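These are the residues of each chain, in order.
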Amino acid sequence: MPLPDSGVVIKRTRSFYYVDVGEASPRLCRIRGNLFESSKYDQRVAVGDHVRIDLNASEDAGWILEILPRHTKLSRRSREGETEQILVTNAEVLMIVAALRRPEFRSGMVDRMIVAALRGGLRPLLVLNKCDLASEEIWAPIREVYESLGYEVLRTSATQAIGLQELRDRLQGKTTVLSGHSGVGKSSLIKALYPDWSIRVGDVNRKVGKGRHTTVLAEMFALPESGYLVDTPGIRELEPFGVTRETLGQYFVEFTPFEGQCRFARCSHQHEPDCAVKEALGSGAILQRRYESFVALWESLEA
Ligand code: GDP
Ligand code: ZN
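A brief look at the structure comes next.

So, how was this worked out
- Residues numbered from 1 in each chain as written.
- Chains lettered and ligands numbered in written order.
- Predicted model: local features only at pLDDT ≥ 70, side-chain atom pairs only at ≥ 80, totals over all residues.
- Heavy atoms only, no water.
- Helix = DSSP H or I, 4+ residues; strand = E, 2+ residues; numbered from the N terminus.
- Buried < 20%, exposed > 50% of the residue type's maximum accessible area, 1.4 Å probe, protein only.
- Contact = heavy atoms within 4.5 Å.
- Areas by Shrake-Rupley, 256 points an atom, 1.4 Å probe, with all protein chains shown as cover.
- Donors = N, O, S within 2.8 Å, 3.2 Å for Na, K, Ca; no water.
- Tetrahedral: all angles 85-135°; square planar, octahedral: opposite > 155°, others 65-115°.
- Near = heavy atom within 4 Å.
- Polar contact = N/O pair within 3.5 Å; in protein donor to acceptor, adjacent residues only side chain to side chain.
- Core = buried A, V, L, I, M, F, W, Y, C linked by side-chain atoms within 4.5 Å.
- Salt bridge = Lys/Arg side-chain N within 4 Å of Asp/Glu carboxyl O.
- Phe/Tyr/Trp six-rings, centres within 6.5 Å; stacked < 30°, edge-to-face > 60°.
- Lys NZ or Arg CZ within 6 Å of the ring centre and 35° of its normal.

Examining the overall build of the chain
Right, so step 1: Tallying secondary structure elements over the chain gives seven helices and 13 strands in all.
Right, so step 2: Residues classed as buried in the chain amount to 50% of the 303 residues present.
Right, so step 3: Contacts in the chain between residues at least 24 apart in sequence constitute 65% of all its contacts with a sequence separation of at least 6.
Right, so step 4: Only carbon and sulfur atoms are counted for the fraction: they give 48% of the accessible area of the chain, which is about 15500 Å².

Printed below as a string of structure tokens:
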């Protein structure tokens, strides 16, 4: 049997890349030094990358020869500000878990994650968990808002086993990044979905917490049937990379019909007169809580 010559990077540490080649365990690879001399973050190998490898070259580890073209990219701004930190590439879905109660549903994080997903080319999937604690009056309007924007919404209860099969169907065969505040039920959901699976969501966080020099930004886990789940601690304080105050409106789909219709070309949609977005807010075409998310994000971005 010939050795595999390509695979998917599912984890990286300081010295090694773990490449899933469809065998029982991943193959360890290093980067061939001269290939990635460029200091541009974009050129470096990220979790999720499809890579061409050479396993013949070395006994203990193979070489990564080439990164194949990326389809999506979930990135955040580094703490220092300007540089891009790629959390994961080639994921199709950003699963945003929010609790309907305990903690109370708040749209700020959901809307920020939607911006990050759209920016990176991922499809947002909103999972409203703890539905056993919330009446229809609470969850139906939330679902309506996000469905009307074109996003898929599921209602689940990890503890009462509601909506689990629908969610399993969505994860099947895809690469899905998990996000959501702590306490909303992410690990409970994964356990309820795949009771025999050994993965503990959040373990990546703990590992990172231990060694200050660990470079684990994300880790991909093969789901029991097909598809991958990506756990990334970096998602918690995710400031989407490459989104500016001027371009933020592009990632709020309900703003786009009004683009170019404000009196001022570089309207912030906040203090200017004759602002088409604020008129739409007045008429109800744009919802107050989505507008508030827009303003909060706008303020968090550099001028
Ligand atoms: P994580 O931090 O997002 O991984 O959240 P956990 O899975 O640790 O859950 C936090 C708390 O919420 C735990 O006490 C869970 O038992 C509880 N919880 C999780 N899912 C549900 C649910 O669907 N309904 C209810 N009532 N509680 C839940
Ligand atoms: Zn405006």
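Re the coordination of the zinc ion (ligand 2)
Right, so step 1: Around the zinc ion (ligand 2), the donor atoms from the protein are Cys262 (SG), Cys267 (SG), His269 (ND1) and Cys275 (SG), and they sit 2.1 to 2.4 Å away.
Right, so step 2: Classification of the site at the zinc ion (ligand 2) as tetrahedral follows from its four donor atoms and the range of 103 to 113° in their angles at the metal.
Right, so step 3: Along the chain, the residues donating to the zinc ion (ligand 2) fall in the pattern C-x4-C-x1-H-x5-C.

A closer look at the site of ligand 1
Right, so step 1: In the vicinity of ligand 1, 15 residues are found, and the nearest of them are Asp132, Ala158, Gly183, Ser187 and Ser188.
Right, so step 2: Contacts to ligand 1 include alanine 158, whose backbone N or O atom sits 2.8 Å from an oxygen atom.
Right, so step 3: In the environment of ligand 1, an oxygen atom lies 3.4 Å from a nitrogen or oxygen atom belonging to the backbone of valine 184.
Right, so step 4: Protein contact buries 69% of the 580 Å² of open area that ligand 1 shows by itself.

What to know about the environment of arginine 123
Right, so step 1: Among the structural elements, arginine 123 can be located in strand E9 (residues 123-129).
Right, so step 2: Taking the relative accessible area as the measure of exposure, arginine 123 reaches 38% and is therefore partly exposed.
Right, so step 3: Between the C-alpha atoms of arginine 123 and glutamate 92, which are 31 residues apart in sequence, the distance is 6.2 Å.
Right, so step 4: Setting aside residues no more than four positions away along its own chain, arginine 123 makes contact with Glu92, Val93, Leu94, Glu152 and Lys174.
Right, so step 5: A distance of 3.4 Å separates a polar atom in the side chain of arginine 123 from a polar atom in the side chain of glutamate 152.

What about the nonpolar core?
Right, so step 1: Leu74, Leu94, Ile96, Val110, Tyr146 and Val177 are the most contacted members of the largest nonpolar core, which totals 39 residues.
Right, so step 2: Residue assignment for this core shows that the elements contributing at least two residues are strand E1 (6-12), strand E7 (84-89), strand E8 (93-99), helix H1 (107-120), E9, helix H2 (136-148) and strand E13 (228-231).
Right, so step 3: Among residues more than four places away in sequence, those in contact with isoleucine 96 are Met109, Val110, Met113, Ile114, Pro124, Leu125, Leu126, Val127 and Ser179.
Right, so step 4: Counting 21 residues, the second-largest nonpolar core is a separate cluster that includes Leu125, Leu178, Ile190 and Leu193.

Points about the pattern of salt bridges
Right, so step 1: Per the stated rule, a full pass over the model turns up 11 salt bridges.
Right, so step 2: Among the ionic pairs, glutamate 66 bridges to arginine 52, the shortest N-O distance being 2.7 Å. Placement of the pair is glutamate 66 in strand E5 (residues 62-67) and arginine 52 in strand E4 (residues 50-54), with a sequence separation of 14 residues.
Right, so step 3: According to the relative accessible area criterion, glutamate 66 is partly exposed, its value standing at 33%.

Quick notes on the packing of aromatic side chains
Right, so step 1: This structure, assessed with the given rule, holds six aromatic pairs.
Right, so step 2: Considering the side-chain rings of tryptophan 197 and phenylalanine 221, the 6.5 Å spacing of their centres and the 85° angle between planes classify their relative orientation as edge-to-face. Taken together, the residues tryptophan 197 in the loop between helix H4 (186-193) and helix H5 (203-210) and phenylalanine 221 in strand E12 (residues 219-222) connect sequence positions 24 residues apart.
Right, so step 3: Where tyrosine 291 meets phenylalanine 294, the ring centres are 6.4 Å apart and the plane angle is 25°; that geometry is what we call stacked. Residue tyrosine 291 and its partner phenylalanine 294 are both found in helix H7 (residues 288-300); the two are separated by three residues, about one turn of the helix.
Right, so step 4: Overall, the relative accessible area of 9% leaves tyrosine 291 in the buried class.
Right, so step 5: By relative accessible area, phenylalanine 294 is classed as buried at 1%.
Right, so step 6: What links up through ring pairs into an aromatic cluster is the set Phe252, Phe255, Tyr291 and Phe294.
Right, so step 7: A cation over a ring is seen here: lysine 11 above tyrosine 18, with NZ or CZ 4.7 Å from the ring centre.

Structural notes on unusual backbone geometry
Right, so step 1: Cis rather than trans, the peptide bond between arginine 102 and proline 103 has omega equal to -5°.
Right, so step 2: On the secondary structure map, proline 103 appears in the loop between E8 and H1.
Right, so step 3: Unusually for a residue other than glycine, lysine 130 sits at a positive phi of about 65°.
Right, so step 4: In this model, histidine 269 sits at a positive phi of 60°, which is unusual for a non-glycine residue.
Right, so step 5: Tracing the chain through its elements places histidine 269 in the loop between E13 and helix H6 (276-283).
Right, so step 6: Relative accessible area serves as the criterion here: at 14%, histidine 269 is assigned to the buried category.

Any link to function would need more than the numbers given here.
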